[in-house]
Amino acid sequence: MTPRLRLTLLGAALAALLPGTAAVIGRLPEFGATIATYGERINAIVPKERHVANMVSAINFDLRGLDTLGEEFMLLAAITGTVVLLRGRRGEDMTDRAMRLPGRAILPRSEAVVLTCRLAGPLLMLFGLYIVVHATVTPGGGFQGGVILASGTLLAYLGEGYSGWRDVVRSHWLDAMEGGGALLFALCGLAPMLVGAAFMQNVLPFGTFRDLYSGGLMLIENLGVALAVCGGFTQLFLEFLEETREADGPDEPGEDTA
Amino acid sequence: MSVILPLLFLLTAASGTAVVLIRDPARQIFAIAGNGIVLAILFTALQAPDVALSEIAVGAAAVPLLFLVALMAVRAGKVEQASDEGREP
């Protein structure tokens, strides 16, 4: 495709799409306008019906829980795909100890980095746990908390080095966390059907408004999301890091070029 | 509040432009992380703490880290094949 043809295509697409876009942008509510009707309805319904203070969690796990189930499996599929792609010819072959690419330099770390990581790592993990368990009370939830937990393990990598990190993180546990989290979420959808309720109907007691135990089934779904996200992201980091240290790399040069 | 929002919009525009203009991949990653932090502050100022938390966890920590590691992997492979790597415009 020549550049001229591309520009002509771009021009045609712009001519077709711009009027519609301009019309839509013109009809948007003003910046900083009052909350839309949907938001007002949510604000009115959720505290009364579900005893939950964090509306975003209530939408994600209850009112539109089915969407989150789809996203959960989207994440699972994306991470599975990445892992398959990165493992390549290493296949199922996994080790619990660190592998290094021969000739790869070990960069020395300054003591300040080690100290900072040892201090900040546990605190960050604690903060991640806080975000996870307070999903229905304060901003945050399983996804955000899970990513924070995964980042917390990376501080161990930064402070202790790759082999130290691999001593903490076990690949099989990560698989179990990722798959188990998604399974837990799916079971949260199916279990209410056993007692004659609808799919993902919130059948558990709702608890007290603004209390840690509020939201009923949402808490379990939230835990599933946290497990899946934390396991999935850490697995992703592990595969990316492992690839740079592929032990049988330089045996067959030329295969690595792709 | 009236000063903070325009200031944050300017910062967002500046950091976003910086991501595009910086050509060295290693520095670009830090520009992306900076942009993520600015966006997180903007979301907080616009009273969207949930989105801000996601942004700071994913946009300012996870994604730059993945990019950094990927870049490390590319550099590690380059040592052997530095000679036969043709540059195509």
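Throughout, residues of each chain are indexed from 1 in the direction in which the sequence is written. Labels are handed out in written order, letters beginning with A for the chains and numbers beginning with 1 for the ligands. Side-chain atom pairs in this predicted model are given and counted only at pLDDT of 80 or more, local residue features only at pLDDT of at least 70, and totals for whole chains, interfaces and linings cover all residues.

K.L.:
Honestly, the overall build of chain B in this entry has me stumped. Any pointers?
P.N.:
A tally of regular secondary structure across chain B gives three helices and zero strands. Secondary structure is summarised from DSSP: a helix means a run of H or I of at least four residues, a strand means a run of E of at least two, and numbering begins at the N terminus for each. Starting at the N terminus and ending at the C terminus, chain B contains elements arranged as α-α-α. Whether two residues are in contact is decided by their C-beta atoms, placed from the backbone, lying within 7 Å. Restricting to contacts in chain B with at least 6 residues of sequence separation, those with at least 24 account for 43%.

K.L.:
Can you walk me through the nonpolar core in this structure?
P.N.:
The nonpolar side chains of a soluble globular protein tend to be buried, and buried together. Among the nonpolar cores identified, the biggest contains 59 residues, and Val 147, Val 229, Cys 230, Phe 233 and Phe 237 of chain A are the most heavily contacted of them. Secondary-structure elements contributing two or more residues to this core are α3 (55-63), α4 (65-87), α5 (111-133), α6 (142-168), α7 (171-194) and α8 (217-243) of chain A together with α2 (25-45) and α3 (49-81) of chain B. Looking at this core element by element, the count peaks at 16 residues for α8 of chain A. Ignoring any residue separated from it by four or fewer positions in sequence, one finds Val 229 of chain A in contact with Leu 75, Gly 142, Phe 143, Gly 146 and Val 147 of chain A. Only buried Ala, Val, Leu, Ile, Met, Phe, Trp, Tyr and Cys residues enter a nonpolar core, and they are joined through C-beta atoms within 7 Å. Exposure classes come from backbone-placed C-beta atoms, where a residue is buried if 20 or more other C-beta atoms lie within 10 Å of its own, exposed if 12 or fewer do, and partly exposed in between.

K.L.:
Explanation requested: the confidence of the model for chain B in the structure shown.
P.N.:
Residues and elements named next belong to chain B. As a per-residue measure, pLDDT tells how confident the predictor is, with possible values from 0 to 100. Taken as a whole, chain B shows an average pLDDT of 83; of its residues, 82% reach a score of 70 or greater. By mean pLDDT, α3 is the weakest element of chain B at 79, and helix α1 (residues 4-21) is the strongest at 94. Overall, residues 80-89 carries pLDDT values under 50, and its contacts beyond four positions in sequence, including any with other chains, amount to three contacts. At the level of chain-chain contacts, confidence expressed as ipTM amounts to 0.76, with global pTM at 0.81.

K.L.:
Would you mind showing me how to read the packing of α4 of chain A against α7 of chain A here?
P.N.:
How two helices pack is summed up by the angle between their axes together with the distance between the axes. All names here are of chain A. Inter-axis angles, ranging from 0 to 180 degrees, are taken between N-to-C directions of lines fitted to C-alpha atoms, where helices are fitted over the stretch in contact. The geometry of α4 relative to α7 is characterised by a closest axis approach of 10 Å and an angle of 160° between their N-to-C directions. Viewed along their axes, α4 and α7 adopt a mutual orientation that is roughly antiparallel. Crossing handedness for the pair α4 and α7: left-handed. Along its contact with α4, which presents Leu 69, Glu 72, Phe 73, Leu 76 and Ile 79, the element α7 presents Glu 178, Ala 182, Phe 185, Ala 186 and Gly 189. Should an angle fall under 35 degrees it is taken as roughly parallel, and over 145 as roughly antiparallel, whereas 65 to 115 is taken as roughly perpendicular and any remaining angle as oblique. Should the near helix be turned counterclockwise from the far one by less than a right angle, the crossing is left-handed, whereas a clockwise turn marks it as right-handed.

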